[in-house]
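Read off the chains here:
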Protein chains: 4
Amino acid sequence: MEELVYNASHSLIEQSRAARFTSHLTNADGFGIGWYGTRDTPGVYRSVAPAWSDRNLQDLCAQIESPLFLAHVRAATGTAVQQTNCHPFRHGRWIFVHNGFIDGYARLRRDLVLAVDPELFDRIEGTTDSELLFYLALTFGLDDEPLPALERMAGFVEATGRRLGVDDPLQMTLGVSDGERLYAVRYASGDVANSLYVSNDARDVRELYPEDARLARLSDEARAVVSEPLGDLPGMWREVPPSSALIVQPGADEELTFAPRPPAG
Amino acid sequence: MEELVYNASHSLIEQSRAARFTSHLTNADGFGIGWYGTRDTPGVYRSVAPAWSDRNLQDLCAQIESPLFLAHVRAATGTAVQQTNCHPFRHGRWIFVHNGFIDGYARLRRDLVLAVDPELFDRIEGTTDSELLFYLALTFGLDDEPLPALERMAGFVEATGRRLGVDDPLQMTLGVSDGERLYAVRYASGDVANSLYVSNDARDVRELYPEDARLARLSDEARAVVSEPLGDLPGMWREVPPSSALIVQPGADEELTFAPRPPAG
Amino acid sequence: MEELVYNASHSLIEQSRAARFTSHLTNADGFGIGWYGTRDTPGVYRSVAPAWSDRNLQDLCAQIESPLFLAHVRAATGTAVQQTNCHPFRHGRWIFVHNGFIDGYARLRRDLVLAVDPELFDRIEGTTDSELLFYLALTFGLDDEPLPALERMAGFVEATGRRLGVDDPLQMTLGVSDGERLYAVRYASGDVANSLYVSNDARDVRELYPEDARLARLSDEARAVVSEPLGDLPGMWREVPPSSALIVQPGADEELTFAPRPPAG
Amino acid sequence: MEELVYNASHSLIEQSRAARFTSHLTNADGFGIGWYGTRDTPGVYRSVAPAWSDRNLQDLCAQIESPLFLAHVRAATGTAVQQTNCHPFRHGRWIFVHNGFIDGYARLRRDLVLAVDPELFDRIEGTTDSELLFYLALTFGLDDEPLPALERMAGFVEATGRRLGVDDPLQMTLGVSDGERLYAVRYASGDVANSLYVSNDARDVRELYPEDARLARLSDEARAVVSEPLGDLPGMWREVPPSSALIVQPGADEELTFAPRPPAG
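Computed from a predicted structure; not experimentally measured.

K.L.:
It is not clear to me how the interface of chain D and chain A should be interpreted in this structure. Could you clarify?
P.N.:
A common way to report how large an interface is uses the accessible area buried once the components associate. The interface of chain D with chain A comprises 21 residues on the first partner and 21 residues on the second. For the chain D and chain A pair, buried surface summed over both sides reaches about 1,800 Å², with 32% attributable to carbon and sulfur atoms. The interface formed by chain D and chain A holds 6 salt bridges in total. We note a salt bridge from Arg39(D) to Glu2(A), for which the minimum N-O separation is 2.6 Å.

If you want it as structure tokens, here you go:
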């Protein structure tokens, strides 16, 4: 984890200080990492400190090895800076990170909360729009059909927005994983979707830079999905187009269209 | 504030380390003070640190003078240790502290949240039962009829509890103020209600201890309402009986019966 | 305090997010305020959170009225983000804030610490170069001769630097007050000194903008000393030149040359 | 780690709430764990929150597996509650925890600090007596001769105490490790030394309780060294006598007399 979180030239730590592509220059309202280890349940470490000044994070990234992890730096959009509002959110095997917001959240929030499965209701610990998106996805079947559930979640938020006078409620790139696969989505109700990048096939990248020692260590299946490229190496990163979903998995990855599914009726 | 929060022999700071009368020996999951100053809106200072180690609190208590303030030390009963879960909670002119819990909160929470006035819904910032009691009281008319609103809140929680299989859901001593009056309630659905004490009339106390310099400084209207007496001076404190409400106000204070009002139908 | 800390167009809160004139774009490694109230000792409130997200700060600035206060946002230069490293530092009636650093601090630190009056040694609570400058100034006579003591402190740091191979050790703008006067210094051992501004005479400013309601409320003696102007109003701010000291006091303020005094021998 | 930190009947988490044998009922001024993993340098996680409410700690203890770790809950004895004052302290391969205090620390501190190797001086990050003991031990040769270095450290502190009028300056049980061995010391200058226990040989304990599934999982070399037993199982724990040092190591452990070595001259 150290390699990606700290050592890359435009690492996540750098992005906590100064992101390049987003409206929030500083992402200093907390951060978190979620990782899969030897247990069934993933580990989560979250803190309200700016990522750059958290000494524990340095140690954890140096010590923990994981085949699949999510990391997030937060720029709050109105809700409190507290650990329960930091990403990733976790439920069972699932962890979830979100870059974006629900426009008109104050207006939509109650209706969205009411739509969460009553069995899941009490598991919501924070107050962010992001956590709510996660619990809506769980409500709409994330366990059984991940991408359709995410599409139903998006469709429900948009339908609720339209009903309550918010035209384009959804701005989201998100990453969600069950430990086997990583699902990454880039979508916005309006015209501009937050950026999303994926590293190119490790075999191709190594061939491109045969003398790069760091790249030589990458396994064939190594893949990074990021809001912003972690460096400037030409040929390293590919932009994921808006309204699409990426499945990173053992074997060939998949890229699909992402289309919100409005609720029936 | 310094006098009561720090200097009393069994001060609130001492109670954060070791309360005598409650089931939670240690009240170290955050604390808060709310005070009325020269502004319309009261000030609130809350922190997740144990009260005894917070250096800012020492300074604030030394610097701030206020004719009416509430202070609280928290022992969490399941919800996260975060500032938004610390008392006092504030809404407009009102501040609110609670010592107790809702039994079966996980089961009752969703129904209680749904009963909050949709206009107020988005003002709930934390996840405690205590804050929810406050917003239910606001929903049931705290602004216009403080004590009846608190009785309706208690009646609603008890009715919801019975409906969902929780016999005695409410354990509460609470303090709530609008800056003019302090309303203190001692009530439990079951047999045992958390303790509540009020200091005796300052004139009587001074007469009892004519040579006590600290007591000599008390104004005629000085009054302290506490979960546990701040010292052991005989004649200083009087227990407020269960199922009663105390109104501390300019002129003579009042003590009334507190009886939950179940919702109609 | 609210007016200056929050409401100005380029307020201190804005500067915590994005300072304009300094090398540290983000000043999010804690903050603090120190103020003189009705007690002999000033109050201090410090926190490691970024100033923009601290809710307590908002309340304190809204509630506390003070004729003289210092506020600071920190960008750490190597030492830990912790409350004891946040400015202002306080000793008796004195509070002290510093914008800058000691170059080669790791090399110079031990010798500087050893020069602190042994009686004061145990009062050093943090590990910053800034707090050490304060204790050196106290050691060199701040109580009796404020400006000469600051000049001796600067001279001692420079002599120590030269002895240990650090040519230009000192970069500092600082503010220090005893509650009666504010001493502000702009100095650097090298060519470039951090910026320092002072608001122009309130009478002149009001005359310049006779219709500005906010300025109309300023008393004749109102004065703000800042690292960066709090707004863009022409005629409002004046740059304090390098190597100078400003004394803001009842009656006419003074501006003097600031020249480090090397230790004798 | 989860087993020992959380699941034992009188686990460290319980001891953070209510220790049985020490003068500090509550150890809620922060905590820390240090562990050896796959890297040369041990990992350290420290936090100022009470151990019982730290959610990250739960995750880390569940996820991290380590053959050798130290854990500590802190009750501050005057110095600030901040991460740099939390144990374990780390230097290179070494981690260090201490239960106790230096009597008259304010008086002795400067002389002790001055005795720290100037090369190490700048590595001191906090202000505790405990960290200072660690850096003195490093100064006196911990790397090369661990126990003699600890004895020289103790001798130096006692000599300094006597010189400055503190008769019995040292109260300490401590644990220090280089990843290969754990050195545990129980010593006090005065009559009463803080408690120290070690678990009995895992083979003997398993024989004593042949049906205990948890004990069955213990390896032959499993050993716990604690301030207070983690449970009440008869035959499980043995008290380490005062003025002794224990070396837990591959193969047979050792128990030696611990005798402070005063500085020559």
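From this point on, the discussion continues.
K.L.:
How do you make sense of the relation of the copies chain C and chain B when you look at a structure like this?
P.N.:
Superposing the two chain copies requires a rotation about an axis and a translation along that axis. Structural alignment of chain C on chain B gives an RMSD of 0.0 Å, achieved by rotating through 180 degrees and translating 0.0 Å along the axis. Considering both components of the superposition, the chain copies are consistent with a two-fold axis. In terms of proximity to the rotation axis, the leading residue of chain C is Ile64(C), whose C-alpha is 3.9 Å off the axis. Counting the interface residues of chain C, we find that 100% of their copies in chain B are interface residues as well, pointing to one common contact surface.

K.L.:
Whenever I open this one, the interface of chain C and chain B confuses me. Can you help?
P.N.:
Counting residues at the interface gives 21 residues for chain C, matched by 21 residues for chain B. Surface buried jointly by chain C and chain B totals about 1,800 Å² across both partners, of which 33% is contributed by carbon and sulfur atoms. A per-residue breakdown of the area chain C buries against chain B is headed by Arg39(C), Asn56(C) and Gln63(C), which together make up 32% of the total. The interface formed by chain C and chain B includes 6 salt bridges. One salt bridge connects Glu125(C) with Arg55(B), and the closest N-O pair in it is separated by 2.4 Å. Applying the counting criterion to the chain C and chain B interface returns 14 residue pairs in polar contact (both at pLDDT 80 or more). If you list the elements that add at least two residues to the side of chain C that touches chain B, you get β2 (43–47) and α3 (55–63) of chain C. Of the residues in the side of chain C that touches chain B, the class split is 6 nonpolar, 7 polar and 8 charged.

K.L.:
I keep staring at the environment of Trp52(C) and nothing clicks. Help me out?
P.N.:
Turning to its location among the elements, Trp52(C) is positioned in the loop between β2 and α3. By relative accessible area, which is 13% here, Trp52(C) ends up buried. Dropping the residues within four chain positions of it, Trp52(C) is found in contact with Thr26(A), Ala28(A), Asp29(A), Ile13(C), Ser16(C), Arg17(C), Thr26(C) and Ala28(C). A polar contact is formed between the side chain of Trp52(C) and the side chain of Asp29(A), at a distance of 2.8 Å.

Thresholds applied
- Residues numbered from 1 in each chain as written.
- Chains lettered and ligands numbered in written order.
- Predicted model: local features only at pLDDT ≥ 70, side-chain atom pairs only at ≥ 80, totals over all residues.
- Heavy atoms only, no water.
- Contact = heavy atoms within 4.5 Å.
- Buried area = accessible area lost by both parts, 1.4 Å probe.
- Salt bridge = Lys/Arg side-chain N within 4 Å of Asp/Glu carboxyl O.
- Least-squares fit on C-alpha atoms with pLDDT ≥ 70 in both.
- Polar contact = N/O pair within 3.5 Å; in protein donor to acceptor, adjacent residues only side chain to side chain.
- Helix = DSSP H or I, 4+ residues; strand = E, 2+ residues; numbered from the N terminus.
- Nonpolar A, V, L, I, M, F, W, Y, C, P; charged D, E, K, R; others polar.
- Buried < 20%, exposed > 50% of the residue type's maximum accessible area, 1.4 Å probe, protein only.

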